[in-house]
Amino acid sequence: MMGGPRGLLEQEARKPKRTGATLARLAGYFGRYRFALLITAVLIVLSTWAQVRAPELIGQAVDCYLVPAMVNRFQSGSAPLADMPAVGGMNAAAQSHCWYAQVAPTATTAELMAGLGRLTLVIVGLFVVVSLASGLQFFSISWAGQQVLRTLREAIFAHIHRLSLSYYTRNEAGDIMSRITNDTDTLQQAISFALIQVLSGVLLLGWIVYKMLTLNWAYGLLSMAVLPVMAVTTVWFSGQARRAFRRTRIEIGHVNANLQESIAGVREVQAFGREEANIELFRERNAANRDANIRAVAYTSALAPTLEALGYLAVAIVVGVGGIFLLRGQSLGGQAVSLGLIVTFLGYAQRFNQPIQQVAVLWTNVQSAIAGAERIFDFLDEVPDIVEKPDARPMPPIVGRVVFDHVSCAYHPGELVLRDVCLTAEPGQTIAIVGPTGAGKTTLINLIPRFYDVSAGAVTIDGIDVREVTLDSLRAQIGMVLQDTFLFGDTVMNNIRYGRPDATDEEVMAAARLAHADDFIRSLPEGYNTLLGERGAGLSNGQRQLLAIARAALANPRILILDEATSSVDTRTERRIQAALERLMEGRTTFVIAHRLSTIRHADQVLVLDQGRIVERGTHEELLARRGFYYHLYMSQFHGEAGPDVVFSGNGRKRHPVFTATT
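Residues numbered from 1 in each chain as written. Predicted model: local features only at pLDDT ≥ 70, side-chain atom pairs only at ≥ 80, totals over all residues. Heavy atoms only, no water.

**Let's talk about the pattern of salt bridges**
The criterion, for reference: The salt bridge definition used is simple: a Lys or Arg side-chain nitrogen within 4 Å of an Asp or Glu carboxyl oxygen. When a residue's accessible area, from a 1.4 Å probe over protein chains only, is under 20% of the maximum for its type it is buried; when over 50% it is exposed; and in between it is partly exposed.
Taken as a whole and assessed by the stated rule, the structure comprises 13 salt bridges. In this structure, Asp291 engages Arg290 in a salt bridge whose closest nitrogen and oxygen atoms are separated by 3.0 Å. Given the relative accessible area of 40%, Asp291 is considered partly exposed. Between Arg497 and Asp505 there is a salt bridge whose closest N-O contact spans 2.4 Å. Counted as one network, the salt bridges with shared partners bring together Arg53, Glu56 and Lys211.

**Section: a nonpolar patch on the surface**
As a reminder of what qualifies: Each patch is built from salt-bridge-free residues with over 30% relative accessible area, joining like charges within 9 Å and nonpolar side chains (Val, Leu, Ile, Met, Phe, Trp, Tyr) within 5 Å. In these tables, accessible area is a Shrake-Rupley quantity obtained with a 1.4 Å probe, and a residue counts as shielded only by the protein chains included in the view. Starting at the N terminus, helices and strands are each numbered in turn, a helix being any DSSP run of H or I of at least four residues and a strand any DSSP run of E of at least two.
A cluster of nonpolar side chains, Phe35, Leu38, Ile39 and Val42, forms an exposed patch at the surface whose accessible area comes to about 410 Å². When you line up the elements, Leu38 lands in helix α3 (residues 34-74). Residue Leu38 is classed as exposed on the basis of its relative accessible area, which comes to 53%.

**Section: the nonpolar core**
This is how it is decided: Grouping buried Ala, Val, Leu, Ile, Met, Phe, Trp, Tyr and Cys residues that are joined through side-chain atoms within 4.5 Å yields what is termed a nonpolar core. We call two residues in contact whenever any of their non-hydrogen atoms come within 4.5 Å of each other.
Judged by nonpolar contacts, the single largest core of 47 residues is most densely connected at Ile496, Ile521, Tyr528, Leu547 and Val606. Sort the elements by how many residues they give to this core and helix α19 (residues 541-555) lands first, with eight residues. Leave out the neighbours within four places in its chain, and Val606 touches Ala432, Val434, Ile600, Glu616, Arg617, Gly618, Thr619, His620, Leu623 and Tyr630. Met395, Val421, Leu423 and Leu474 belong to the second-largest nonpolar core, a separate cluster that totals 34 residues.

**A short note on the packing of aromatic side chains**
Under the convention used in this document: Pairing of aromatic rings covers Phe, Tyr and the six-membered ring of Trp, with a centre-to-centre limit of 6.5 Å; geometry is then stacked below 30 degrees between planes, edge-to-face above 60, and tilted otherwise.
Scanning the entire structure with this criterion turns up seven aromatic pairs. Residues Tyr33 and Trp143 carry aromatic rings whose centres are separated by 5.6 Å and whose planes lie at 90° to one another, so their mutual orientation is edge-to-face. In this pair, Tyr33 is assigned in the loop between α2 (19-29) and α3 and Trp143 in helix α5 (residues 109-162), connecting sequence segments 110 residues apart. Note on Trp236 and Phe237: the rings are 5.1 Å apart at their centroids and 85° apart in plane angle, and the pair reads as edge-to-face. Among the aromatic residues, those joined into a ring-pair cluster are Trp236, Phe237 and Tyr299.

**Details of helix α11 (residues 275-328)**
Test applied: Expected helix span is given by 1.5 Å per residue-to-residue step, counting one fewer step than there are residues.
The end-to-end C-alpha distance of α11 is 79 Å, a good match for the 80 Å that 54 residues give at a rise of 1.5 Å each. Positioned one or two residues after α11, Gly329 has a phi angle of 70°, which is positive.

**Section: the layout of surface pockets**
Vacant regions in the atomic arrangement are exposed by a probe of water-molecule size rolled over the atoms. Heads up, the condition is: A cavity here means a set of 1 Å grid points, computed over protein atoms only, where a 1.4 Å probe fits but cannot escape. A pocket is an open set with protein on both sides within 12 Å along at least 5 of 7 lines, and lining residues have an atom within 4 Å of a point. Grid points are joined across faces, edges and corners, and a volume is the space filled by probe spheres set on the points.
Estimates place the volume of the largest pocket at around 2500 Å³. As for the largest pocket, its lining consists of 48 residues, of which Leu165, Phe451, Leu482, Phe488 and Tyr498 are closest to the centre. Elements that contribute at least two residues to the lining of the largest pocket include exactly α5, α6 (165-170), α7 (173-215), α14 (441-446), α15 (471-475), β6 (478-481) and α19.

That's the geometry; what it means functionally is another story.
The following block contains the structure:
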C-alpha cells in the first residue's frame, strides 16, 4: 500500500484490475435474489421493446391512416386507398408498411380516423409500458441491491472485528471506513441506477440498429453514418472526464485530510499561532479541488451538446435523404420510401444519442463501482494473523498460572521485539513490568490474551497453550485497563457494563464505588444515565480512567492487565485508585506496566525489560539492593542521583535519555 493519504487516494482512483472476477463474485451475492434479477431483466427487455416499437407504429399511423385520410379528403372521400396518386412509390411502401394497421383498400375517412384512434391508444399504451417498466425495474434492482449492500456492510463490519491488531497498525482507519461507506455508496449508485441505464442503453441502441437495418438496410446505413463519429467523440470525452474525475477524488481527499488534521490539532494550531498558515494551505488545496472539478465538469458538459449536435446531423440525413427519394419516387436499397418510413427513422435517429450518452457518462460510474467492489473484496479477503485452530476448545475457568516459555515475538520477520523471555506468574501474584520505550512491555502483555502470536516458544495459562483455545473463552477471563482509555458514545452505566452486559445496576454501581468513580458519576447531569460524547468527551482523562477501572472490576476477570492504569490521574486520586486496585487484584494474577515506580513496590516480581530481553527480575527491594538498571531508574525518578536525563543499561553504564515506562 502506498504511504499517506495521497498514495491511498491515488490507489483508490485506479481502474479496476479484475473486472470479470469482481463482477462474478458480486453476482454471487445476488444469487439469493434471482427472482428480482429475472423480473428486472424482463422489465428491461419490455421497456426497450416498447421504446423501439413506438416509432414504428407512429410511422404506420402516418402511412396507414393520415396520408390515406388526407387523400380521401381531397377526393371528397370517394377514392379508395388503391387509387391514391403515386408519389414516389408511396402506395407500395405504405401498403407494405401497414403490417399492424391492416387498412382496407376501400376504407373511408371515418374508418381511417377510427383506426387512427385505436393505434394512438396503442402508442400511448406503449409509452405507459415504458414508464411503468422503467419504474419497476429500478425498484426491483434497487431492492435486490440494497439487500446485497446490507450483506456486504455487515460482512465488512464483522471482518473488522475478526482482523488482528497488527492489521490496524499497518492500515489507516480512514481507509478502512472508506470501504464500508464510500465504496459501498459508489456500488449502490451503480447497482441502483448506472448499471441499469448502461444495460438498457446498450440494448436499446442495438435494437434500434437492428430495426433500421430490417426496415431498409440502405436507409439505415445512411441514417447511422454519424454513429462512428458519436462513438469516437464519446470515447474521447469520457476518457478525459474519467481522468478529470479521478483527479477530483484525489483533491477532495487532500481537502478532507487537511480539514480532519486541522480539527484534530486545533489546539496545537492555536498554541503555535499557525492559524493563517493553515488557512492558506487549506485555501491552496481547496483551489486545486475547485480547478479539478471545473475541468471535469467542462468535459462532461461538453459531451451532451456535442452528441446532441451529431444527433441533429443524423436527423438532417434522415429527413434530407429520405425526402429526396420520396419526392423523386425512387427506391432506396431496393425498397420504396414512404412518409411513414421517414417518420419512423426520424424517431430512431432522435434516440441515437440518448443511449450513447447514457453509456458514456454512466460507464465511468460503473467502472468506479467495480473498483470499489475490488477494494471491498480485498478487505474481506484479508486473512487475520490470529486464527483459531479448527479443533480449538473453550478455555476452562482460569486459576491464573501464566508461564512464558522461551518466548520470542516479531511483528516483522527478522525483527524480534521479544527475545527468549521466560517467566512464571503464580495465581494471585502481581508482576510489574518496567523498561524504556520500545523495550517490549506492551508486546509482552498482549501475548497473554493472544492479540499477537509468539514467533517461538509458548504462552500457557494453567498449563494450556493460549493457541489451543477459542479466543472468546480466553479473553472473557482476562481484564485490561489501558493508558489510552476508550469509552463508547453511550451512557455511563452501559460503558461500565460493556464487558458484562448482564450485570445489574447495583453491581455496576458497586464496581464504580470500588474504582472511586461513584462520586463524580453522581455529579453528572443524569448520573449513571448520562450520555457520553465521542470517546468520553466531556470527561477528564482521570475520570475516563476511573470508568475503565470500574469496567474491569465489574467483568471480574481471573487475570488482570494494567497498562499504566493510573498515569492520567493526580497523586491524590492515584492513592485512592491504588487502594481500590489492591482490592481488585486480590486473588487475581495481575500484570502491571507502571508509569510511576512507587506503584509497584509491593509487586511479587518486577521484570526489567531492555531491547526485548529481561535484564533484571526480583522484588522492588531486591532490585534496589543490586544497584543495577532498576536502581538507577528509581534513583533518577525519585532522587535525581543519575540526573534528569540519564539512565543506565543493565551493567550500570550510561545509555540513553531517561524514559518513562511507556510502550
